[in-house]
Amino acid sequence: MTELAKKRPEFRNINAFKDLPSYRWPLASLVSGMHRISGAIMFLLMPFIIWMFDNSVSSEISFAKFKFAFNVGMLGLPGFLWKLLALALIWAYLQHFIAGIRHLYMDVNHAVSKEFGRSSALATLVLSLGLTVVLGAKLFGLY
């Protein structure tokens with residue numbers, strides 16, 4: 001090794017509280033992590049998804065109960081919080097779906113480069129957050 005070349009730092013004992021908050025995640029790894037988180041959110045909210053589907057299609061009375069939960073509230077929680085839970089589910093689905101398409105595209109076309117990873121991650125973020133805002137506005141009655 002020449003004296004002009006700098007030695008790369010070695011990290012053997014990483015302190016999670018000191019080192020990780022200052023670490024800058026590349027955009028592609030952030031979207032990949034969000035893909036995993038959104039999948040976990042959808043899995044954990046599966047009982048809520050089943051409840052929503054069951055009450056929305058069973059009968060007119062159950063659909064009225066469904067609408068009441070989102071407009072007034074249910075189980076001591078106001079309707080606003082139920083809508084926020086549904087919005088979290090909307091985001092998780094959109095993020096997971098769009099990131100999944102991104103991963104499939106990269107697998108099929110062998111599109112593995114830093115430039116494509118960054119640009120496709122940015123497109124995934126913009127699409128998923130943009131669609132979440134549009135559907136959230138509809139959910140909260142803004143249009």
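Counting of residues starts from 1 at the beginning of each chain's written sequence and follows it residue by residue. Per-residue local features are limited, in this predicted model, to residues with pLDDT of at least 70; the limit for side-chain atom pairs, both in listing and counting, is 80 or more; totals at the level of whole chains, interfaces and linings are taken over all residues. To obtain the side-chain values, all non-hydrogen atoms of the structure were included, while hydrogens and water were left out.

(A) Examining a nonpolar patch on the surface more closely. Any residue with relative accessible area above 30% and no salt bridge may belong to a patch, with like charges joined within 9 Å and the nonpolar Val, Leu, Ile, Met, Phe, Trp and Tyr side chains within 5 Å. Only the protein chains shown count as covering a residue, and every accessible area follows the Shrake-Rupley method with a 1.4 Å probe. Whenever a carboxyl oxygen of Asp or Glu lies within 4 Å of a side-chain nitrogen of Lys or Arg, that contact is scored as a salt bridge. Taken together, Ile 14, Leu 20, Tyr 23, Trp 25 and Leu 30 make up a surface patch of nonpolar side chains, about 550 Å² in accessible area. Tracing the backbone shows Leu 30 in helix H1 (residues 27-44). Note on exposure labels: buried denotes an accessible area under 20% of the residue type's maximum, exposed denotes more than 50%, and partly exposed covers the range between, all computed with a 1.4 Å probe on protein chains only. Its relative accessible area of 38% is what places Leu 30 among the partly exposed residues. Think of it this way: any DSSP run of H or I at least four residues long counts as a helix, any run of E at least two long counts as a strand, and we number them from the N terminus.

(B) Main features of the packing of aromatic side chains. A pair of aromatic rings is counted whenever rings of Phe, Tyr or Trp (Trp by its six-membered ring) have centres within 6.5 Å, and the orientation is called stacked for planes under 30 degrees apart, edge-to-face for over 60 and tilted otherwise. Tallying each qualifying case throughout the model produces nine aromatic pairs. When the ring of Trp 51 is compared with that of Phe 66, the centres are 5.9 Å apart and the planes differ by 45°; the resulting orientation is tilted. Linking Trp 51 in helix H2 (residues 46-57) with Phe 66 in helix H3 (residues 60-71), this pair joins segments that are 15 residues apart in sequence. Residue class for Trp 51 comes out partly exposed when judged on its relative accessible area of 22%. For Phe 66, a relative accessible area of 16% translates into the label buried. For the pair Phe 80 and Phe 140, a centre-to-centre distance of 5.5 Å together with 55° between the ring planes defines the contact as tilted. Placement of Phe 80 in helix H4 (residues 79-109) and of Phe 140 in the segment after helix H5 (114-139) is noted, with a sequence separation of 60 residues between them. Through a chain of ring-to-ring contacts, three or more aromatic side chains come together here, namely Phe 48, Trp 51, Phe 63, Phe 66, Phe 70 and Trp 82.

(C) Region of interest: the side chain of Arg 102. Relative to the helices and strands, Arg 102 resides in helix H4. Of the buried charged residues, Arg 102 lacks a salt bridge, with Asp 107 as the closest side chain of opposite charge at 9.6 Å. Pairs of N or O atoms are called polar contacts if they sit within 3.5 Å, as long as, within protein, a hydrogen donor faces a hydrogen acceptor (for residues adjacent in sequence, only side-chain-to-side-chain pairs). One polar contact links the side chain of Arg 102 to the main-chain carbonyl oxygen of Gly 117, over a distance of 3.2 Å. The residues touching Arg 102, leaving out its near neighbours within four places in the chain, are Ala 28, Val 31, Gly 117, Ser 120, Ala 121 and Thr 124. Only four residue types enter the tally: Lys and Arg on the positive side, Asp and Glu on the negative side, with His and both chain ends excluded. By definition, residues are in contact when any of their heavy atoms lie within 4.5 Å.

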